[in-house]
Amino acid sequence: MRSAVRIGARSYSIKKLEPLYMPAARDGDVTDAAASIVEYAHWCELRDRGKDAEAAALLADIAEYNRTDCESTLRLRDWLLDRASDAGVAPRSPQQLDLEDVVDRTATPLELELAEHAGLPWDRTPTQHALGLFAGAIGYHRRENKPFWWGHYDRLTHPLDEWADAADVLKVERAELVHDWMKTAPGQRVLRRQVKLVGHLSNGVLSGSKVKLLYENPAPEGLTKQQPTHRATTSVEIVQTGYEGTLDVVVVQENLRKGVEEYTDFPVATAPEPPPNTKHLEQAIVSVATEVLGGLPELPRTAVADLLTRSTPRTRSGAGLPVVHDNDYAHAITAALLDLDNSYVAVQGPPGTGKTYTAARVIEHLVNTHHWRIGVVGQSHHVVNNLLDTIVGAGVDASKVGKKAPTTHTVVDIAGYSHFVTEADEGCVIGGTAWDFSNPGRIPPGSLDLLVVDEAGQFSLANTIAVSVSARNLLLLGDPAQLPQVSQGTHPEPVDESALGWLTTGHATLPADRGYFLATTWRMHPDLCAPVSMLSYEGKLESNKDVTQSRSLSGLEPGLHVVLLDHHGNSTDSIEEADEIVTRVRSLLGRPWVDPAHGSDPRPMQQSDFLVVAAYNAQVAVIVAQLAAAGLDEVSVGTVDKFQGRQAPVVLISMAASAIEDVPRGMGFLLSRNRLNVAISRGQWAAILVRSRALTHYLPSTPDGLVTLGTFMRLCENARQPNAIPSPR
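This is a predicted model, so every value here is computed, not measured.

(A) Spotlight on the packing of helix α18 (residues 575–588) against helix α19 (residues 617–629). At a closest axis distance of 9 Å, the pairing of α18 and α19 adopts a crossing angle of 45°. On the basis of the axis angle, α18 is oblique to α19. Both α18 and α19 take part in a crossing whose hand is right-handed. Touching Ile575, Glu577, Ala578, Asp579, Ile581 and Val582 of α18 are Gln619, Val622, Ile623, Gln626 and Leu627, all from α19. Of the residues in the contact of α18 with α19, the class split is 7 nonpolar, 2 polar and 2 charged.

(B) View of the sheet that holds strand β10 (residues 410–411). Taken in spatial order, the 8 strands line up as β10-β9-β11-β8-β12-β13-β7-β14 in an open sheet, and their pairing is parallel. Two strands close off the open sheet at either side, each with one partner strand: β10 and β14 (515–517). Looking at chain direction, strand β9 (residues 401–403) and β10 are connected through 2 bridges and run parallel. Residue Gly402 lies in a different strand from β10, and its bridge partner there is Thr410. Of the strands in this sheet, β8 (373–377), β9, β11 (428–432), β12 (448–453) and β13 (471–478) touch helix α11 (residues 381–394), which is tilted by about 165° from β9.

(C) Examining the domain arrangement of the protein chain more closely. Per the domain assignment, the segments making up the protein chain are domain 1 (14–87), domain 2 (160–272), domain 3 (278–518) and domain 4 (542–718). Just the C-alpha atoms count here: the centres of domain 1 and domain 3 sit 48 Å apart.

(D) Structural detail: the side chain of Ser574. Here Ser574 is to be found in the loop between β18 (559–565) and α18. At 3.1 Å, the side chain of Ser574 and the backbone nitrogen of Glu577 are in polar contact.

(E) Geometry of the sheet that holds strand β3 (residues 210–215). A barrel is described by the order of its strands in space; here 6 strands give the closed sequence β1-β2-β5-β4-β3-β6, paired in antiparallel fashion. Averaged over neighbouring strand pairs, the angle between their axes works out to 45° when direction is ignored. Here 7 bridges tie strand β4 (residues 232–244) to strand β5 (residues 247–255), and the two strands are oriented antiparallel to one another. Paired with Tyr243 across the two strands is Asp248, which belongs to β5. α19 rests against β2 (192–201), β4 and β5 of the sheet, and its axis sits at about 40° to β4.

(F) A look at helix α23 (residues 703–717). Between its terminal C-alpha atoms α23 stretches 21 Å, which fits the 21 Å expected from 15 residues at 1.5 Å a residue. When α23 is considered as a whole, its buried residues turn out to be Gly705, Leu709, Thr711, Phe712, Leu715 and Cys716. An end-on view of α23 places all buried positions within 160° of arc, on one side of the element. Across from the buried face of α23, at angles greater than 90 degrees, the exposed residues are Pro703 and Glu717. Next to the buried residues of α23 lie α16 (526–536), β18, α22 (673–680) and β24 (683–692).

(G) Focus on empty space enclosed by the protein. Taken as a whole and judged by the stated rule, the model has 1 cavity of 30 Å³ or more. Computed from the structure, the largest cavity encloses a volume of approximately 120 Å³. For the lining of the largest cavity, the elements supplying multiple residues, two or more each, are β21 (610–614), β23 (648–654), α21 (667–670) and α22. Among the elements that take part in the lining of the largest cavity, α22 stands out by supplying 3 residues, more than any other. Tallied by class, the residues present in the lining of the largest cavity amount to 10 nonpolar, 2 polar and 1 charged.

(H) View of the pattern of salt bridges. On inspection of all chains with the given rule, the structure shows 31 salt bridges. In this structure, Arg301 and Asp341 form a salt bridge, with 2.8 Å as the shortest nitrogen-oxygen distance. Taken together, the residues Arg301 in the loop between α7 (279–295) and α8 (303–308) and Asp341 in the loop between α9 (329–339) and β7 (344–348) connect sequence positions 40 residues apart. In this structure, Asp595 engages Arg551 in a salt bridge whose closest nitrogen and oxygen atoms are separated by 3.5 Å.

(I) Seen up close, α18. A rise of 1.5 Å per residue sets the reference length of α18, with its 14 residues, at 20 Å; its end C-alpha atoms lie 20 Å apart and thus fit the reference within 8%. Here α18 has its buried residues at Glu577, Ala578, Glu580, Ile581, Val582, Thr583, Arg584, Val585 and Leu588. Those residues of α18 that are buried are in contact with β18, β21, α19, β23 and β24. Note on α18: the residue one or two positions beyond its end, Gly590, has a positive phi of about 90°.

(J) Broad picture of the packing of aromatic side chains. The final tally for this structure, using the stated rule, is 9 aromatic pairs. Measuring from centroid to centroid gives 4.9 Å for Phe148 and Trp149, while their planes differ by 80°, and the two rings are edge-to-face. Classification of Phe148 by relative accessible area gives buried; the value is 14%. Each member of the aromatic cluster is reached from another via a ring pair, and the members are Phe148, Trp149 and Tyr153. If you follow Arg472 out to its NZ or CZ, it ends over the ring of Trp372, 5.8 Å from the centre.

(K) View of the packing of α22 against α23. α23 packs onto α22 with a crossing angle of 25° between their chain directions and a minimal axis gap of 11 Å. Our classification of the angle between α22 and α23 gives roughly parallel. From α22, Arg673, Leu676 and Ile680 reach across to α23, where they touch Val707, Thr711, Phe712 and Leu715. For the contact of α22 with α23, the residue count by class is 5 nonpolar, 1 polar and 1 charged.

Reading the values: the criteria
By convention here, each chain's residues receive numbers from 1 onward along its written sequence. For this predicted model, a pLDDT threshold of at least 70 governs which residues receive local features, and a threshold of 80 or more governs which side-chain atom pairs are given and counted, while totals over whole chains, interfaces and linings are taken from all residues. No hydrogens and no water enter the side-chain calculation; it runs on all heavy atoms of the structure. Axis lines are fitted to C-alpha atoms, over the contacting stretch for helices. Their N-to-C directions set the angle, which ranges from 0 to 180 degrees. The secondary structure listing takes helices from DSSP runs of H or I that are at least 4 residues long and strands from runs of E that are at least 2 residues long, numbered from the N terminus. Should an angle fall under 35 degrees it is taken as roughly parallel, and over 145 as roughly antiparallel, whereas 65 to 115 is taken as roughly perpendicular and any remaining angle as oblique. Helix crossings are classified by the rotation of the near helix relative to the far one: an anticlockwise turn of less than a right angle makes the crossing left-handed, while a clockwise turn makes it right-handed. Residues are treated as being in contact if the distance between any of their heavy atoms lies within 4.5 Å. The classification used treats Ala, Val, Leu, Ile, Met, Phe, Trp, Tyr, Cys and Pro as nonpolar, Asp, Glu, Lys and Arg as charged, and all other residues, Gly among them, as polar. In this description, strands pair whenever DSSP reports at least two bridges between them. What counts as a domain boundary in this text is fixed by an automatic or database domain assignment. Each polar contact in these results corresponds to two N or O atoms within 3.5 Å; when the atoms are within protein, one needs to be able to donate a hydrogen and the other to accept it, and residues that are neighboring in sequence are counted only if both atoms are side-chain atoms. Multiplying 1.5 Å by the residue count of a helix minus one yields the expected span of that helix. For the exposure calls, accessible area comes from a 1.4 Å probe over protein chains only, and a residue counts as buried if that area is under 20% of its type's maximum, exposed if over 50%, partly exposed in between. Of all possible arcs, the one meant is that of the directions from the helix axis to the C-beta atoms. The way it works is a 1 Å grid over only the protein atoms, where trapped points that fit a 1.4 Å probe form a cavity and open points with protein on both sides within 12 Å along at least five of seven lines form a pocket, and then any residue with an atom within 4 Å of a point lines it. Grid points are joined across faces, edges and corners, and a volume is the space filled by probe spheres set on the points. We count a salt bridge whenever a side-chain nitrogen from Lys or Arg sits within 4 Å of a carboxyl oxygen from Asp or Glu. In this scheme Phe, Tyr and Trp rings, the latter by its six-membered ring, pair at centre separations within 6.5 Å, and the angle between planes marks the pair as stacked below 30 degrees, edge-to-face above 60, and tilted otherwise. By definition here, charges over rings are those cases where NZ of Lys or CZ of Arg is within 6 Å of the ring centre and within 35 degrees of the ring normal.

What follows is the structure, encoded as structure tokens:
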């Protein structure tokens, strides 16, 4: 570490530091955070009992504690500056940043007026909750973009070892040419080169197909610079990714800009591209919010208003949602949608329950029989294309299914989106992202009978408000118990929550009056389904035994197995766990596997029958290297983000970290219920979880931490114990 101070105490809590710069000790009953929580609960009790004088005195003590905290923080800052001056360390001067790309950061009058109508968060009606969300959504994209620009300017100016972790950031340890500047295709005018970059991805994620390269000064002439002292940048395409030992490898293709001389410099890092323009999304939200404000005190009779108030879906018949008979969810969902009156229906589909198949059957009937115009929106082209493919497979003619490239169906030019929808007298399905459905130039407002939000467990409320302008009704598909909606910003209202997450707030499964919970999985054996069901679905998820018990794997009992290892000091990678993974794969390779869906005869287990899920990208690299050394380089290895939607007979999970003091991103990330759910539920027959014995040897300091630890320990205790699955070594 640089420019740091080490003190003779076991904790760097501000209370432990105060003797250095605030000799007078705190007094009163409230002296630390734990005491403030206890005393606040005591104040609530006094207030509720009408003891106003005692409550006021206690509240004053709590206020004084917080005032002292603020004063202490300021004094600590001053004390640290003094120590830096004593050591000859000059604080970095404030940077003058060019923030032209950042949207104005002030709240708009519309946002403020809606927030005023919403009132205080802890004393709201459902309508006021919705108003708060409409208000918070107006500035959502502005706030989401802030962290990127803060990090971006840090990366242009700060030393590499001071950068915060972020997607697409690779600090280059070694670079080499794959090929020098050249024309790689006939008729190509621009010179290109390919460069192989080796280093560590800061959080193990490449989010897209492009990144920026950062060049240290003196940088090649002609590359983009925000300021003369900043690093230079250029955008490149990612050609290939992989590993060399425990290091990440990224091969990029770099175009030589017009007027720039060929250069031999190598970049020092990669960094993310700026976020896409959100103008149409923001304008769509403003249009919805303006309509809401104009109609107060009543909310408009729209699908998104019903969603935000968590109202039961409004039907033309006035009846509730149709009941499911004989497990025919598609029939019930179709009937519900046909009865909707500008409202929504939600469908929660846990792993292996056939969410996409069910949705495709529903859409096929609505298009072919009722000639509905239907949109399909998702977080990515991959998600949308997957559902479109299934819709065509269900019987919708491919000529009625359109999307801009890439698609295997009707390619719709951006300028032709509007005509594809408005001229579809026999019904149609149009796919796209939130940018398409919020843009009135592509999808005319209100032109769709239904908008299907796929993976609505990862689709923010703010973006749901934006895309809702395109359709009368909404169908929300997904599972908030799997990988959650990812947010970068800090928001005054929970507009970063996913649409399905909002509807299920306070419940592990979707309430029956708001939609349908697909309760039967065709993937997991009952013994593997049971721990997943208890972990994430209140025990409501069941296995289709006729299907899942017809499978068999010789030599391994079905269900969740936990292997405990003794290792120490491992943070994000563990050679011990990697070796155990190799041993387990070897022991099962070639064993007879029967899956009647692919033939009644047993066949030997192959490398493709395993998925290995690691908690950290560094552990992915270690496992890949160990498997390759053992001749097992066809086994798929990755983090849970890579495998959502995948399945295999056996999944192996590596937690990597030895103990809480070694965990870099907190136990909340490592023991995340959502991430464990996704990892375990990739398995059809069994999941083998490999972890350190000491991983759970700690006492959490928060109620949420206690719940997280308790849930993980219960999961492990109810699994098959280590003596039921001894190491083959």
